[in-house]
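# Fold and contact review
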Amino acid sequence: MTAPRPTAARKVLGRLSLPERNFVADALRTETVGGVLLLIAAVTALIWANVPALHDSYESVSHYHFGPGALGLHLSVAHWAADGLLAVFFFVAGIELKRELVAGDLRDPKAAALPVVAALCGMAVPALVYTLTNLTGGGSLQGWAVPTATDIAFALAVLAVIGTSLPSALRAFLLTLAVVDDLFAILIIAIFFTAGIDFVALAGAAVGLAVFWLLLRKGVRGWYVYVPLALVIWALMYNSGVHATIAGVAMGLMLRCTTREDEKHSPGEHVEHLVRPLSAGLAVPLFALFSAGVAISGGALGDVFTKPETLGVVLGLVVGKAVGIFGGTWLTARFTRASLSDDLAWPDVFAVASLAGIGFTVSLLIGELAFDGNQLLTDEVKAAVLVGSVIAALGATVLLKLRNARYRRMYEDEERDEDLDGIPDIYEQDEPSYHLRMAEIRERKAAEHRRLAEVKAAERRGLAEVAGGAGEDNDGPA
């Protein structure tokens, strides 16, 4: 009887496969641009809301109502941004989640365990920190979910500035973590922030989703079919009492994200490519523009650290996120056969976990839902989200900069392409053809060096003969 072969230990945050690496690189480029626009929109909102001469116009625009009242959609501009435009953002999040489930890291249960456990701990610990802070200080527990969400666009925009050489495995970890984070944030919104339910409207939305799914299964194409249907589904979901962004997620999850023999890209990838610029370039920045405009003063900033609700949000984002994600990752490595990649150290994981404390888009949304009807506390919690996100970004910047030289060496190793075939050499180490190409390249270089050596030797001999001849001519007395 032969003994079973030992199973190799799986590496936590090990090197990505080439297709996954390329996908992550493309996604990061898009998310980074969106993060920059998001930052510009947030700064614009803060200036617009805090300059005395402009404050009234910000309030007027934010609270301006329009839309068909007969359909229950006579909403303010800020409301349209939160419930309407963010549905586009969550639609893209749904596609990302579907892709991860069928073709990405979440496809393999063993590989999925790490980001899932890390994301769960990264949401549970901030909620616990908020709850303990408010139980101790006598505050409201309604905002427990505010610090649970990570804003991936903002986090990646920070990375674009401070972490240009960050290894792709850590970037992919942050991206996958945020996708799982979005899923649980969606569930929190659906379960905890749905008040009364209109079952007739909800049934209508369910029928619309079924029609959407059948059309996809039948291979029906044309935006003029899906866009009007999507608007109807969204309107019915909104009127049902369930947060309207859930409609976006549901439709995103229905798209097929696997390719067939005659396809270069799956329908999900194609639609995501078309819709992502709308989400990153318009929907999310406009939401930030009409959500981040809170009054900021010295006294207001001081209140952030004195009121239990706002202090709980700050501590949840800064401390809870870092401890939760790092702890979840360490526990996964500790109690499974996984081990950390040889190229990384645990401080690297903690730095990325700290960066996940940047909670913006979804945190602002949950803050509005949690304290609906209390405008003063809503604004204070929004200010706490901004303060906590800035502190988390600054802390992560320091940690990442301390390791930047190490990251740069790793990045250069991942990018090296000596045979100039467009594929990094590190992915071709097991290919005989790669080593033959490298042998040929080095033989050519060696031949060139031998030729140069002969030329230089000949030049030296010529100089020696000239110098010797000159010495013989001058042997006589002056």
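Residues numbered from 1 in each chain as written. Predicted model: local features only at pLDDT ≥ 70, side-chain atom pairs only at ≥ 80, totals over all residues. Heavy atoms only, no water.

Under an unreviewed UniProt entry, the name given to the chain is Na(+)/H(+) antiporter NhaA, and the organism recorded is Streptomyces prunicolor. Note on the chain: under the UniProt heading Catalytic activity (unreviewed entry), the record states "Na(+)(in) + 2 H(+)(out) = Na(+)(out) + 2 H(+)(in)". Here is the UniProt Function (unreviewed entry) comment for the chain, exactly as written: "Na(+)/H(+) antiporter that extrudes sodium in exchange for external protons." (UniProt positions renumbered as here; feature names shortened; annotations may be inferred.)

Moving on, we get to the overall build of the chain. The secondary structure content of the chain amounts to 17 helices and 4 strands. The 478 residues of the chain split such that 45% are buried. Across the chain, every contact between residues at least 6 apart in sequence was considered, and the portion connecting residues at least 24 apart equals 76%. (Helix = DSSP H or I, 4+ residues; strand = E, 2+ residues; numbered from the N terminus. Buried < 20%, exposed > 50% of the residue type's maximum accessible area, 1.4 Å probe, protein only. Contact = heavy atoms within 4.5 Å.)

Now for the nonpolar core. Counting residues in each nonpolar core, the largest one holds 99 residues, and the members touching the most others are F90, L174, V313, L355, I358 and F360. With 13 residues, helix α6 (residues 168-192) is the largest single contributor of residues to this core. Setting aside residues no more than four positions away along its own chain, V313 makes contact with Y130, V146, P147, V381, A384 and V385. Among the nonpolar cores identified, the runner-up in size contains 8 residues, and A87, W234, Y238 and A244 belong to it. (Core = buried A, V, L, I, M, F, W, Y, C linked by side-chain atoms within 4.5 Å.)

All right, on to the environment of L365 then. Take L365: it is sitting in helix α14 (residues 361-370). Spatially, the C-alpha atom of L365 lies 9.3 Å from that of I189, the residues being 176 residues apart in sequence. Residue contacts for L365: discarding those within four places in its chain leaves A82, L86, F90, I189, H243 and F287.

Turning next to helix α12 (residues 308-335). Between the first and last C-alpha of α12 there are merely 36 Å, a value that for 28 residues lags more than 12% behind the 40 Å anticipated at 1.5 Å per step. Considering bend angle alone, the principal kink of α12 is centred on G316 and spans about 40°. (Expected span 1.5 Å × (residues − 1). Bend = angle between axes of the 7 residues up to and from the residue.)

Once that is clear, we can look at the packing of aromatic side chains. Applying the stated criterion across every chain, the model contains 13 aromatic pairs. Both rings, one in Y64 and one in F66, keep their centres 6.4 Å apart while their planes meet at 25°; by these two values the pair is stacked. On the numbers, 5.1 Å between centres and 75° between planes, the contact of F89 with F90 is edge-to-face. When the ring centre of F335 is taken as origin, the NZ or CZ atom of R334, which lies over that ring, is 5.2 Å away. (Phe/Tyr/Trp six-rings, centres within 6.5 Å; stacked < 30°, edge-to-face > 60°. Lys NZ or Arg CZ within 6 Å of the ring centre and 35° of its normal.)

Our next topic: the confidence of the model for the chain. Mean pLDDT for the chain: 81, with 83% of residues reaching 70 or above. Highest mean pLDDT in the chain belongs to helix α7 (residues 199-217) (94); lowest belongs to strand β1 (residues 11-12) (55). The model gives residues 1-8 a pLDDT under 50, and that stretch makes 2 contacts with residues more than four places away or in other chains. (pLDDT = per-residue confidence, 0-100.)

Look at α7 against helix α8 (residues 223-240): their axes get within 8 Å of each other, and the N-to-C directions meet at 155°. Accordingly, the angle class assigned to the pair α7 and α8 is roughly antiparallel. As α7 packs across α8, the resulting crossing turns out to be left-handed. Residues A201, L202, G204, A205, G208, L209, V211, F212, L215 and L216 of α7 touch α8, and the partners they reach there are V225, Y226, L229, I233, L236, M237, N239 and S240. Of the residues contributing to the contact of α7 with α8, the split by class is 14 nonpolar, 4 polar and no charged. (Axes fitted to C-alpha atoms, helices over the stretch in contact; angles between N-to-C directions. Parallel < 35°, antiparallel > 145°, perpendicular 65-115°, else oblique. Left-handed = near helix turned anticlockwise from the far one by under 90°. Nonpolar A, V, L, I, M, F, W, Y, C, P; charged D, E, K, R; others polar.)

With that settled, consider the side chain of T332. Tracing the backbone shows T332 in helix α12. The class of T332 is buried, set by a relative accessible area of 7%. Reaching out from T332, the side chain makes a polar contact with the backbone oxygen of G328 at a distance of 2.8 Å. In this structure, T332 is in contact with A113, L114 and V117, ignoring residues within four places of it in sequence. (Polar contact = N/O pair within 3.5 Å; in protein donor to acceptor, adjacent residues only side chain to side chain.)

Within this structure, the stated rule accounts for 9 salt bridges. As a salt-bridge pair, E448 and R451 come within 2.8 Å of each other at their nearest N and O atoms. Placement of the pair is E448 and R451 together in helix α17 (residues 432-473), with a separation of 3 residues, close to one helical turn. Through salt bridges with shared partners, a single network forms among E96, E272 and R276. (Salt bridge = Lys/Arg side-chain N within 4 Å of Asp/Glu carboxyl O.)

Right, let's get into the packing of α12 against helix α15 (residues 375-402). Orientation of α12 relative to α15, taken along the N-to-C sense of each, is 25°, at an axis distance of 8 Å. Relative to α15, α12 is oriented roughly parallel. As for the relative orientation of α12 and α15, their crossing is right-handed in sense. Here E309, T310, V313, V314, L317 and V318 of α12 come into contact with α15, specifically with L377, E380, V381, A384, V385, V387, G388, S389, I391 and A392. Considering only residue class, the contact of α12 with α15 consists of 11 nonpolar, 3 polar and 2 charged.

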